[in-house]
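A structural walkthrough
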Amino acid sequence: MYKKPEIGSTSFTCPHCNVLAEQRWSNVDSNNFRNHNEYVEDQDKIYYSTCIICNESSVWINYKMYYPDTGNITPPHVDMPEDVKNIYLEAASICYKSPRGAAGLLRLSIQILCKELGESGKDINKDIGELVKKGLPVMVQQSLDIVRVTGNDAVHPGQIDTDDIEIVIKLFSIINIIVDYMISLPKQVDEVYKTLPEKKIKGITVRDKKVQ
């Protein structure tokens, strides 16, 4: 389960090891504290959260995690293709510095994802249309178009405020949803389907040919 890192939180998903773990807090003066309210009186101090699992620390300034720079972004889905993941992580690394740039990169990531799913990867709008013809669920189609349109507006400014960090952060979660529906779920179903008796699978194949 993913829990977003927040300053003062006693536990969250560690941006280093991606494990939901207890965090130990200290400030720049090396004073340890456990009460999460102790940090609010001096937001200009530098604080550290240390994961009890991997013992790696994150750096916080003015309530925001500054190191690692991908810490406040949902980690990429485990089944995300490598080329897509690389762009996803690049977008995460600049998200707080340039939300508009991150949105543009995320648009590129779904263009590559469409290619991974068997489409041309040249025209993302046409690719989504082809996936719809093949039975793409409405929710996934809408998710793809959210990232596509938002990413387009990042390059060609329109009505979407791609400088709004909260809007762009949501795009990362949406891409993970797309990967889950289009890659993970079919893989899981296929693995279970292959455990059916061979005679049953042949019977299903014959049935489907009759329907066609």
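Here's a quick rundown of the structure. Just so it is clear, the structure is predicted and the values come from calculations on it, not from any experiment.

This brings us to the overall build of the protein chain. Tallying secondary structure elements over the protein chain gives six helices and six strands in all. For the protein chain, the α and β elements follow one another from N to C terminus as β-β-β-β-β-β-α-α-α-α-α-α. The buried share of the protein chain, reckoned over its 212 residues, is 37%. Here the analysis covers contacts within the protein chain between residues at least 6 apart in sequence; of these, 49% occur between residues at least 24 apart. As displayed, the protein chain has an accessible area near 12,500 Å², and 52% of this comes from carbon and sulfur atoms.

Within the element layout of this structure, Glu56 appears in the loop between strand E4 (46-51) and strand E5 (57-61). Accessibility expressed as a relative area gives 40% for Glu56, which makes it partly exposed. On a C-alpha basis, the gap between Glu56 and Pro15 in space is 9.1 Å, while along the polypeptide they are 41 residues apart. In this view, Glu56 contacts His16, Ser49, Thr50 and Cys51; residues no more than four positions away in its chain are not counted.

To continue, consider the nonpolar core. Judged by nonpolar contacts, the single largest core of 32 residues is most densely connected at Leu106, Leu144, Phe172 and Ile178. Secondary-structure elements contributing two or more residues to this core are helix H1 (82-94), helix H2 (99-116), helix H3 (124-133), helix H4 (138-155) and helix H5 (165-193). Ranked by residue count, the leading element in this core is H5, at 10 residues. In this structure, Leu106 is in contact with Tyr88, Ala91, Val147, Val168, Leu171, Phe172 and Ile175, ignoring residues within four places of it in sequence. Listed in part, the six residues of the second largest apolar core include Phe12, Trp25, Trp60 and Met65.

Another aspect to go through is the packing of H2 against H3. Packing of H2 against H3 brings their axes to within 10 Å, and their N-to-C directions diverge by 45 degrees. Comparing their axes, H3 and H2 come out oblique. The two elements H2 and H3 meet at a crossing, and its hand is left-handed. Here H2 contributes Arg107, Ile110, Gln111 and Cys114 to the contact with H3, which in turn contributes Ile124, Asp127, Ile128 and Leu131. Here the residues of the contact of H2 with H3 are counted per class, giving five nonpolar, one polar and two charged.

Here we take up the packing of aromatic side chains. One pass over the full model with this rule turns up four aromatic pairs. Seen from their ring centres, Phe12 and Trp25 are 6.5 Å apart, and the 70 degrees between their planes marks the pair as edge-to-face. Of this pair, Phe12 sits in strand E1 (residues 11-13) while Trp25 sits in strand E2 (residues 20-27), and the two are 13 residues apart along the sequence. The same class applies to Phe12 as to Trp25, namely buried. Through a chain of ring-to-ring contacts, three or more aromatic side chains come together here, namely Phe12, Trp25 and Trp60.

Rules and cut-offs
Residues numbered from 1 in each chain as written. Predicted model: local features only at pLDDT ≥ 70, side-chain atom pairs only at ≥ 80, totals over all residues. Heavy atoms only, no water. Helix = DSSP H or I, 4+ residues; strand = E, 2+ residues; numbered from the N terminus. Buried < 20%, exposed > 50% of the residue type's maximum accessible area, 1.4 Å probe, protein only. Contact = heavy atoms within 4.5 Å. Areas by Shrake-Rupley, 256 points an atom, 1.4 Å probe, with all protein chains shown as cover. Core = buried A, V, L, I, M, F, W, Y, C linked by side-chain atoms within 4.5 Å. Axes fitted to C-alpha atoms, helices over the stretch in contact; angles between N-to-C directions. Parallel < 35°, antiparallel > 145°, perpendicular 65-115°, else oblique. Left-handed = near helix turned anticlockwise from the far one by under 90°. Nonpolar A, V, L, I, M, F, W, Y, C, P; charged D, E, K, R; others polar. Phe/Tyr/Trp six-rings, centres within 6.5 Å; stacked < 30°, edge-to-face > 60°.

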